[in-house]
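Spelled out from the first residue to the last, the chains are:
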Amino acid sequence: MSADDLIRQMHAYYRDCAPWHDDYMSYTDNASMEALLGPIIDLIEVDLVGKRILELACGTGNWTQVLVKRAGSVLATDTHRSSIDLALAKTYESPHVEFRVANAYRLSDFIGPEDGPFQVVFAADWWSHMPKSLIPGFLDRLHTHLVPGATVIMLDMTPKDSLIMPDSYYDDEGNYIHPRTLPNGKQYFVVKNFPSEQELYAVVSPRGSQIEYHENHPLRRWLLKYVVA
Ligand SMILES: C[S@@+](CC[C@H](N)C(=O)[O-])C[C@H]1O[C@@H](n2cnc3c(N)ncnc32)[C@H](O)[C@@H]1O
């Protein structure tokens, strides 16, 4: 499958998945999420306080609730209206949050200078879904929306056995493609990569400094944080 086909499959999967997403992730409410993911939140809290934050792939707003509590303001974006509608139905501790449909690969089509300057970018469970060949261009375009010295925070999953399935495969550029079936019975092939720390450093170190990488195995999470050059 080409990178474009992979993006189309991912697009269809998340468009259709929104109603089931929170159950799939076992996200019930903000308090239990904060309790569960407290060790991750502790790693980023200092970067969030009082800042203008751009959130990518915000989904149904679970991490938006975490960000809004600490930020100065948040522009939370996702490419799917269905996810944003569910995010809008949640409650936020501060009124300084706006949701907008935006494709993370083409931010300039959706976000202008008047929306910034952004001091922090945050994305949870987004990096793993990018075909590897698209990551450098994605980062270079993203950085044009940030102030020098902005912090980029990417949070994602470490491998889990349940994602190793008979129909999974690696494509020519090393993307891990695996099937996902929704409760509506439809099947989609989705990129879900588990980059190594070395891979992350290789793509980020030409573009940033103060790179930090953390893994939390009980929570099956990795966190990458760096400052834009
Ligand atoms: C695994 S979910 C993560 C949602 C949320 N960040 C969370 O942790 O609950 C991935 C999200 O990426 C969004 N998405 C998929 N393709 C996108 C794109 N090109 N631009 C922005 N968001 C996209 C999907 O709509 C979905 O909400």
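> Honestly, the overall build of the protein chain in this entry has me stumped. Any pointers?
Looking only at helices and strands, the protein chain has seven helices and 10 strands in total. Whereas a compact globule of 229 residues would reach a radius of gyration of roughly 17 Å, the protein chain reaches 17 Å, a difference of no more than 12%. With respect to the principal axes defined by its C-alpha atoms, the protein chain has extents near 45 × 40 × 35 Å. Across the 229 residues in the protein chain, those meeting the buried criterion constitute 32%. By sequence separation, contacts in the protein chain at least 24 residues apart represent 63% of the contacts at least 6 residues apart.

> Looking at this structure, how should I read the sheet that holds strand β6 (residues 169–170)?
Within a sheet, adjacent strands bond to each other through the backbone by hydrogen bonds, running parallel or antiparallel. With antiparallel pairing, three strands are arranged side by side in an open sheet as β6-β7-β8. Among the strands making up the open sheet, the edge pair consists of β6 and β8 (187–191). For β6 and strand β7 (residues 176–181), the ladder comprises two bridges, and the chain directions are antiparallel. What sits directly across from Tyr 170, in β7, is Tyr 176. Against the sheet, helix α1 (residues 3–24) engages β7 and β8, with an angle of about 120 degrees to β8.

> Sorry if this is basic, but what is going on with unusual backbone geometry here?
With the exception of glycine, most residues fall at negative phi, and the peptide bonds are largely trans. Residue Gly 116 is joined to Pro 117 through a cis peptide bond whose omega torsion reads -5 degrees. Positive phi values are uncommon outside glycine, yet Asp 125 reaches one of about 55 degrees. For Asp 125, the position within the fold is in the loop between β4 (118–124) and α6 (135–143). According to the C-beta neighbour criterion, Asp 125 is partly exposed, with 17 such atoms within 10 Å. Its identity is not glycine, yet Gln 210 carries a phi of approximately 50 degrees, on the positive side. As for its placement among the helices and strands, Gln 210 is situated in strand β9 (residues 208–216). Among the residues examined, Gln 210 registers 11 C-beta atoms within 10 Å and is labelled exposed.

> What exactly am I supposed to notice about the nonpolar core here?
Membership of the largest hydrophobic core comes to 44 residues, with the highest contact counts inside it found for Ile 53, Leu 67 and Val 121. Non-local contacts of Val 121, meaning those with residues more than four positions away in its chain, are made with Leu 54, Leu 56, Leu 142, Leu 146, Ala 150, Val 152 and Ile 153. Among the nonpolar cores identified, the runner-up in size contains six residues, and Leu 6, Tyr 14, Cys 17 and Val 190 belong to it.

> Before we go on, may I ask you to explain the site of the ligand in this structure?
If you check the shell around the ligand, you find 19 residues, and the closest are Tyr 14, Ala 57, Gly 59, Ala 104 and Ala 124. When residues in the shell around the ligand are grouped by element, the largest group, three residues, is from α1.

Calculation notes
Residues numbered from 1 in each chain as written. Predicted model: local features only at pLDDT ≥ 70, side-chain atom pairs only at ≥ 80, totals over all residues. Helix = DSSP H or I, 4+ residues; strand = E, 2+ residues; numbered from the N terminus. Rg over C-alpha atoms; globule rule 2.2 N^0.38 Å. Buried ≥ 20, exposed ≤ 12 C-beta atoms within 10 Å, placed from the backbone. Contact = placed C-beta atoms within 7 Å. Pairing = 2+ DSSP bridges. Axes fitted to C-alpha atoms, helices over the stretch in contact; angles between N-to-C directions. Core = buried A, V, L, I, M, F, W, Y, C linked by C-beta atoms within 7 Å. Near = placed C-beta within 6 Å.

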